[in-house]
Amino acid sequence: MKKLQYERPVITRLNTGVTNKFGTKTAFTPVTHVDGNEVKTLIANYGSPLFVISEQTIRKTFKDANRAFTTRYPKVQFAWSYKTNYINAVCNVFHQEGSWAEVVSGFEYHKALNNDVPGSKIIFNGPDKTEADLRLAIENNSLIHIDHLDELYLIKELAVEMNKKPRVAIRVNMDTGVYPIWDRFGFNYENGQAWDAINKIMLNDKMELVGLHSHIGTFMLSPNAYGIAASKLSDLALGIKKKYKKNIQYLDLGGGFASKNTLKGSYLQGVDTSPTFDQYAEAISTAILNAGFLEEELPLLILESGRSLIDEAGSLLGSVISNKRLSDGRRATIMDFGVNILFTSFWYDHKISPAQDFSQYTEDAVLYGPLCMNIDVIRENITLPPLKRDDHVVVHTVGAYNMTQWMQFIAMRPAVVMIDMDEKPHIIRRRETLSTIESVEMMPEYLKKFKL
Ligand SMILES: *Cc1c(COP(=O)(O)O)cnc(C)c1O
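The structure displayed is predicted, hence computed values, not measured ones. (Residues numbered from 1 in each chain as written. Predicted model: local features only at pLDDT ≥ 70, side-chain atom pairs only at ≥ 80, totals over all residues. Heavy atoms only, no water.)

### Comments concerning the overall build of the chain
- Of regular secondary structure, the chain possesses 13 helices and 22 strands.
- On C-alpha atoms alone, the chain measures out to a radius of gyration of 25 Å, which is about the 22 Å that the 2.2 N^0.38 rule sets for 452 residues.
- Seen through its C-alpha atoms, the chain measures out along the principal axes to roughly 85 × 70 × 45 Å.
- Going through the 452 residues of the chain one by one, you find that 52% of them count as buried.
- Within the chain, contacts between residues separated by at least 24 positions form 69% of all contacts whose residues are at least 6 apart in sequence. (Helix = DSSP H or I, 4+ residues; strand = E, 2+ residues; numbered from the N terminus. Rg over C-alpha atoms; globule rule 2.2 N^0.38 Å. Buried < 20%, exposed > 50% of the residue type's maximum accessible area, 1.4 Å probe, protein only. Contact = heavy atoms within 4.5 Å.)

Put into structure tokens, the structure is as follows:
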């Protein structure tokens, strides 16, 4: 007979559901499957932890967002924000749905080109574009969104040298009533920097000013802030029309719509508080439609939504390594995934569901990751049924930023699987191995040998 493990007994009260002002807490239900695939089988086949992406959820979310805007405004174009999740299979689902690419580095720009996005449908944002990046973007007729004057002058020089007229927009930052203002990016609206940049472009005819861009923040809970941004960009566009007789082809309102996650410290759940696509779309389209454009001169509305389109489609499957008692008697559960791969646990209280049946009792616990580092806390306090070694959990709403901001620290990064429309799983990123990591290391000859 296998020896039973001894755990020092502690007496704690188990809860059958805490009441809050809405009544008793909703009972937990196990989440045993993701898109028709059993969690246990996915983990057996692809390892634990494992990121799973639902193609059905991506397409449905995209269609919801697109419908919210196209039913209110005549010309709408989405551009997929690569940094939010740039696994190529994910990008291509968005490209199949009609999204252009929005990139913020040379690396991401090349990724979009490799995915066969036409250069003219790549929006190049961000403060760090090298001269080589800019040359390539000009060569490919991409949309270059200028962040600062040094970049503006460099593009001007390259335009003369290459004898081309680059298509550019300027990024505009502004007061939308949400603070702090993200004024480190682009040119300020209120203090006249934006007009200064516009004049510099319009007065010398080396570039074509095709658009105006703003990205006012991220996880913005106020649709009204977008209304203000859209009004201010429209005001600039109408001013350009008046002063230079030039129609601005598009207004790009950037990203930043909230996903259904719950921010740390928030009393209510994200599913109940985050605005809907309809609310954002209403604020933006009303502002542009009321700004005073002639109907035939209405600019194209571009959106670079990231997290709101992909967060819900991603889940992280993981397993329990161990339970222990902390010195003060609290229950601690150690999982096989930590902040190294779940970077967003620094600011969200993710919904976490057990993946198998459990008792009706719950106990507050601290949820730790597997790293040998004190910062590796997934949740300071979560109410869960007691889980035992090798039990599985599903962490919900993790599709945004985790698969790009994850760190190869102490452990290697796990595989990513996409479940297709017919509920068939496909590996879209292999689990890293020692050779993945060592393939970029070099050992100087003189360090190859040692004697101990
Ligand atoms: C990050 C980023 C986005 C996407 O932001 P979300 O908050 O994920 O929607 C869009 N545009 C720009 C310029 C960005 O930097």
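Resuming the write-up.
### Re the packing of aromatic side chains
- Applying the stated criterion across every chain, the model contains 16 aromatic pairs.
- Residues Trp 347 and Tyr 348 carry aromatic rings whose centres are separated by 6.3 Å and whose planes lie at 65 degrees to one another, so their mutual orientation is edge-to-face.
- Owing to a relative accessible area of 31%, Trp 347 belongs among the partly exposed residues under this scheme.
- It is Lys 129 that lies over the ring of Phe 124; its NZ or CZ is 5.7 Å from the centre. (Phe/Tyr/Trp six-rings, centres within 6.5 Å; stacked < 30°, edge-to-face > 60°. Lys NZ or Arg CZ within 6 Å of the ring centre and 35° of its normal.)

### As for the domain arrangement of the chain
- Split into domains, the chain comes out as domain 1 (33–52 + 312–435) and domain 2 (126–303).
- Of note, the centres of domain 1 and domain 2, computed from C-alpha atoms alone, are 37 Å apart.
- Across the boundary between the two partners, domain 1 contributes ten residues, which contact eight residues of domain 2.
- For domain 1, the biggest contributors to the area lost against domain 2 are Tyr 348, Asp 349 and Thr 397; these three give 60% of the whole.
- The closest approach of N and O atoms between Asp 349 and Lys 264, which form a salt bridge, is 3.2 Å.
- Here the residues of the side of domain 1 that touches domain 2 are counted per class, giving four nonpolar, three polar and three charged. (Domains from an automatic or database assignment. Buried area = accessible area lost by both parts, 1.4 Å probe. Salt bridge = Lys/Arg side-chain N within 4 Å of Asp/Glu carboxyl O. Nonpolar A, V, L, I, M, F, W, Y, C, P; charged D, E, K, R; others polar.)

### Let's talk about helix 1 (residues 39–46)
- Turning to helix 1, its buried residues are Val 39, Leu 42, Ile 43 and Tyr 46. All buried residues of helix 1 lie within an arc of 95 degrees about the axis, which places them on one face of the element. In helix 1, those exposed residues whose orientation departs by more than 90 degrees from the buried face are Lys 40, Ala 44 and Asn 45.
- Following helix 1 by one or two positions, Gly 47 adopts a phi angle in the positive range, close to 95 degrees. (Arc of directions from axis to C-beta.)

### Quick word on the packing of helix 7 (residues 193–202) against helix 8 (residues 223–244)
- One way to put it is that helix 7 packs onto helix 8 with a least axis distance of 12 Å and a crossing angle of 40 degrees. In terms of axis orientation, helix 7 runs oblique to helix 8. Remark: the crossing between helix 7 and helix 8 carries right-handed chirality. Between helix 7 and helix 8, the contacting residues are Ala 194, Trp 195, Ile 198, Asn 199 and Met 202 on the first element and Leu 236, Gly 239, Ile 240, Lys 243 and Tyr 244 on the second. (Axes fitted to C-alpha atoms, helices over the stretch in contact; angles between N-to-C directions. Parallel < 35°, antiparallel > 145°, perpendicular 65-115°, else oblique. Left-handed = near helix turned anticlockwise from the far one by under 90°.)

### Section: the environment of Phe 257
- With respect to the secondary-structure elements, Phe 257 resides in the loop between strand 13 (250–252) and helix 9 (270–273).
- You can call Phe 257 buried: its relative accessible area is 1%.
- Residues Phe 257 and Thr 29, 228 residues apart in the sequence, show an inter-C-alpha distance of 29 Å.
- Aside from chain neighbours lying at most four places away, what touches Phe 257 is Phe 69, Tyr 226, Phe 277, Tyr 280, Ile 284, Leu 303, Ser 305, Arg 307 and Ser 308.

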